[in-house]
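Spelled out from the first residue to the last, the chains are:
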Amino acid sequence: MTTRRNFLKSAGMLTAAAALFNPATIFAQKGVKKSGGSKKMELSFVPFDAQMRHAFAIATSVRTTTPIVLTQITYDGVTGYGEAAMPPYLGETQASVIEFLKKVDLSKFSSPFLIDDIMKYVDSIAINNTAAKAAVDIALHDLVGKLMGQPWWKIWGFDPTVCPNTSFTVGFDTEEVVKEKTKEASPYKVIKVKLGRDEATDKMMINTIRSVTDTVICVDANQGWKDKHYALDMIHWLNERNVKMIEQPMSKYLLDETAWLTENSPLPIYADEACQRLVDIQKLKGAYTGINIKLMKCTGMREAREMVSLAEALNMKLMIGCMTETSCAISAAAQLAPKMEWADLDGNLLIKNDCYSGMTIVDGKITLNDKPGIGIEKL
Ligand code: MG
């Protein structure tokens, strides 16, 4: 019996050793399913409602859920995941995204590695639909990264140790609730505050947060300030209260007024609503200090990477933002985080029903993992 047990033990060890050097096992260890599937890209998609932890208020709206469409592209037995998130102001809905995705025919491409050609084709299907396009782009990048066995930050040659802290948004509410939300934000090193209402309300928000903490604040006025002199007075007031940057202070159409504001402002001014895509950046040079890149605005990772290069060439600063998204789109955006001065990647933290795990926040800082693609796993 002893001999037989020893034999089985050695046989088991042999099997384990063989498995260790089996390419399929190595791919499995890298988070990639074993190959053997169809050498044809298959895109699938499903609607998903993200449930907000708190009702989310900005200068123009309040909401409790965000409509999302989750996507997958499967090729050769490997699956890449993507996502379209649709805040109401972008003009896309689950129905419009699904209608767009039905038009996407990936069978005309022989390989997912043709990202450039594929995304040019996807972009040509319709003029807008930037979130729907991002849902294809992210799934494609996740797939290609998995096929290469590498995360995108590494493929792009970025240093994962230089990622910024993420901000955590404290939305508009009563003083009591704002105090509670500020305490909830205590693990984060940067608080983002949505301003752009009347002066008393804006100052109440900042004073209430300052009654709880001295943490750095980033202000997003969401185009809410109507007059450049008023905006400059507000910025000086905010500067005295450890606010470090201002996002979209005035209407995206007020380029000359914003240029004056940026020239006179003690704080850097970032474009968000004014900067959707690559083509927008050049005209913003001189009017804004920097730009806020969001995958859902710019059609995804491919164009976002190009926006980083153009902004750097124009000597403009960079921040990365998000919508209310799952950890899928957040982890995709996080691949660009090493290039960013500021990051506002808290969308997954604001929802109750995240369906992926991915990029994590450690001591307030964006922390990238070594998993291939966009570094996520399905929960
Ligand atoms: Mg913004």
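For clarity, every value in this text was computed on a predicted model and none was experimentally measured. (Residues numbered from 1 in each chain as written. Predicted model: local features only at pLDDT ≥ 70, side-chain atom pairs only at ≥ 80, totals over all residues. Heavy atoms only, no water.)

## Examining the overall build of the protein
Okay, step 1: Along the backbone of the protein there are 14 helices and 15 strands.
Okay, step 2: Within the protein, the fraction of its 379 residues that count as buried is 53%.
Okay, step 3: Taking contacts inside the protein between residues at least 6 apart in sequence as the whole, the part at least 24 apart equals 69%.
Okay, step 4: For the protein, the accessible area works out to roughly 16300 Å², and carbon and sulfur atoms hold 54% of it. (Helix = DSSP H or I, 4+ residues; strand = E, 2+ residues; numbered from the N terminus. Buried < 20%, exposed > 50% of the residue type's maximum accessible area, 1.4 Å probe, protein only. Contact = heavy atoms within 4.5 Å. Areas by Shrake-Rupley, 256 points an atom, 1.4 Å probe, with all protein chains shown as cover.)

## What to know about the pairing of strand E7 (residues 243–247)
Okay, step 1: Burial runs high along E7: four of the five residues are buried.
Okay, step 2: By the bridge criterion, four bridges tie strand E6 (residues 216–220) to E7 in an arrangement that is parallel. Its bridge partner lying in E7, Asp220 is registered against Glu247.
Okay, step 3: In this fold, E6 hands off to helix H9 (residues 228–239), which returns the chain to E7; that crossover is right-handed.
Okay, step 4: In the sheet, E7 pairs with strand E8 (residues 269–271) via two bridges, with the strands oriented parallel. For Ile246, the partnering residue across the bridge sits in E8 and is Ile269. (Pairing = 2+ DSSP bridges. Right-handed = clockwise from strand over helix to strand, strands pointing away.)

## Regarding helix H7 (residues 175–184)
Because each turn of an α-helix spans 3.6 residues, side chains separated by three or four positions in sequence point in the same direction.
Okay, step 1: Of the residues making up H7, those classed as buried are Val178, Lys181 and Thr182. Viewed along the axis of H7, the buried residues span an arc of 100°, placing them on a single side of the element. (Arc of directions from axis to C-beta.)

## Some words on the coordination of the magnesium ion
Okay, step 1: Coordination sphere of the magnesium ion, protein contribution only: Asp220 (OD), Glu247 (OE) and Asp272 (OD), at 2.1 to 2.2 Å.
Okay, step 2: Between consecutive donors of the magnesium ion, the numbers of intervening residues give the motif D-x26-E-x24-D. Remark: Glu247 occurs in strand E7 and Asp220 occurs in strand E6; sequence separation between them is 27 residues. A single burial state applies to Asp220 and to Glu247, both of which are buried. (Donors = N, O, S within 2.8 Å, 3.2 Å for Na, K, Ca; no water.)

## A word on the sheet that holds strand E11 (residues 342–343)
What links the strands of a sheet is backbone hydrogen bonding, and the strands pair in either a parallel or an antiparallel sense.
Okay, step 1: With parallel pairing, the eight strands of this open sheet are ordered in space as E4-E5-E6-E7-E8-E9-E10-E11. With one partner strand each, in any of the chains shown, strand E4 (167–170) and E11 form the two edges of the open sheet.
Okay, step 2: Most of the contacts of helix H8 (residues 199–210) go to E6, to which it runs at about 165°, and overall it touches E4, strand E5 (190–194) and E6. (Axes fitted to C-alpha atoms, helices over the stretch in contact; angles between N-to-C directions.)

## Regarding the packing of H9 against helix H10 (residues 255–264)
Okay, step 1: Packing of H9 against H10 brings their axes to within 10 Å, and their N-to-C directions diverge by 30°. When the axis of H9 is compared with that of H10, the two are roughly parallel. The handedness of the crossing between H9 and H10 comes out as right-handed. Here Lys228, His229, Ala231, Leu232, Ile235 and His236 of H9 lie close against H10, whose contacting residues are Glu257, Trp260, Leu261 and Asn264.
Okay, step 2: Residues that form the contact of H9 with H10 fall into these classes: five nonpolar, three polar and two charged. (Parallel < 35°, antiparallel > 145°, perpendicular 65-115°, else oblique. Left-handed = near helix turned anticlockwise from the far one by under 90°. Nonpolar A, V, L, I, M, F, W, Y, C, P; charged D, E, K, R; others polar.)

## Describing a nonpolar patch on the surface
Okay, step 1: A contiguous nonpolar patch, built from Phe113, Met148 and Ile155 and spanning about 250 Å² of accessible area, is present on the exposed surface.
Okay, step 2: Accessibility expressed as a relative area gives 38% for Met148, which makes it partly exposed. (Patch = residues over 30% accessible without salt bridge, like charges linked within 9 Å, V, L, I, M, F, W, Y side chains within 5 Å. Salt bridge = Lys/Arg side-chain N within 4 Å of Asp/Glu carboxyl O.)

## Quick notes on the side chain of Thr208
Okay, step 1: Residue placement: Thr208 occurs in helix H8.
Okay, step 2: A relative accessible area of 4% means that Thr208 is categorised as buried.

## Some remarks on the pairing of E6
Okay, step 1: Of all five residues in E6, four are buried, a share of seventy percent or more.
Okay, step 2: As judged from the five bridges shared by E5 and E6, these two strands associate in the parallel manner. Bridged to Val190 within E6 is Val216.
Okay, step 3: In this fold, the crossover linking E5 to E6 by way of H8 has right-handed handedness.

## What about the environment of Ser107?
Okay, step 1: Note that Ser107 resides in the loop between helix H3 (94–103) and helix H4 (115–124).
Okay, step 2: Residues Ser107 and Met41, spaced 66 residues apart in sequence, show a C-alpha to C-alpha distance of 6.5 Å.
Okay, step 3: Reaching out from Ser107, the side chain makes a polar contact with the side chain of Asp105 at a distance of 2.6 Å. (Polar contact = N/O pair within 3.5 Å; in protein donor to acceptor, adjacent residues only side chain to side chain.)

## Points about the side chain of Thr213
Okay, step 1: Along the chain, the position of Thr213 falls in the loop between H8 and E6.
Okay, step 2: Filtering out sequence-adjacent residues up to four positions away, Thr213 remains in contact with Thr182 and Ile191.

## Observations concerning the nonpolar core
Okay, step 1: Core analysis: the largest hydrophobic core is formed by 113 residues, its most contacted members being Trp225, Ile291 and Ile293.
Okay, step 2: The leading source of residues in this core is helix H5 (residues 130–148), at ten residues.
Okay, step 3: Viewed by domain, this core spans two of them, domain 1 (16–149) and domain 2 (153–378), each represented by three or more residues.
Okay, step 4: Not counting the four nearest positions on each side in its chain, Ile293 is found in contact with Cys298, Ala304, Met307, Val308, Leu318, Met319, Ile320, Gly321 and Met340.
Okay, step 5: Counting six residues, the second largest nonpolar core, distinct from the first, contains Met245, Tyr270, Met319 and Trp342. (Core = buried A, V, L, I, M, F, W, Y, C linked by side-chain atoms within 4.5 Å. Domains from an automatic or database assignment.)

## What about the environment of Ser331?
Okay, step 1: Its place among the elements puts Ser331 in helix H14 (residues 327–334).
Okay, step 2: With a relative accessible area of 1%, Ser331 lands in the buried category.
Okay, step 3: Taking the C-alpha atoms as reference points, Ser331 and Ile376, separated by 45 residues in sequence, lie 7.0 Å from one another.
Okay, step 4: Within the local environment of Ser331, its side chain forms a polar contact with the backbone oxygen of Ser327, the two atoms lying 2.6 Å apart.

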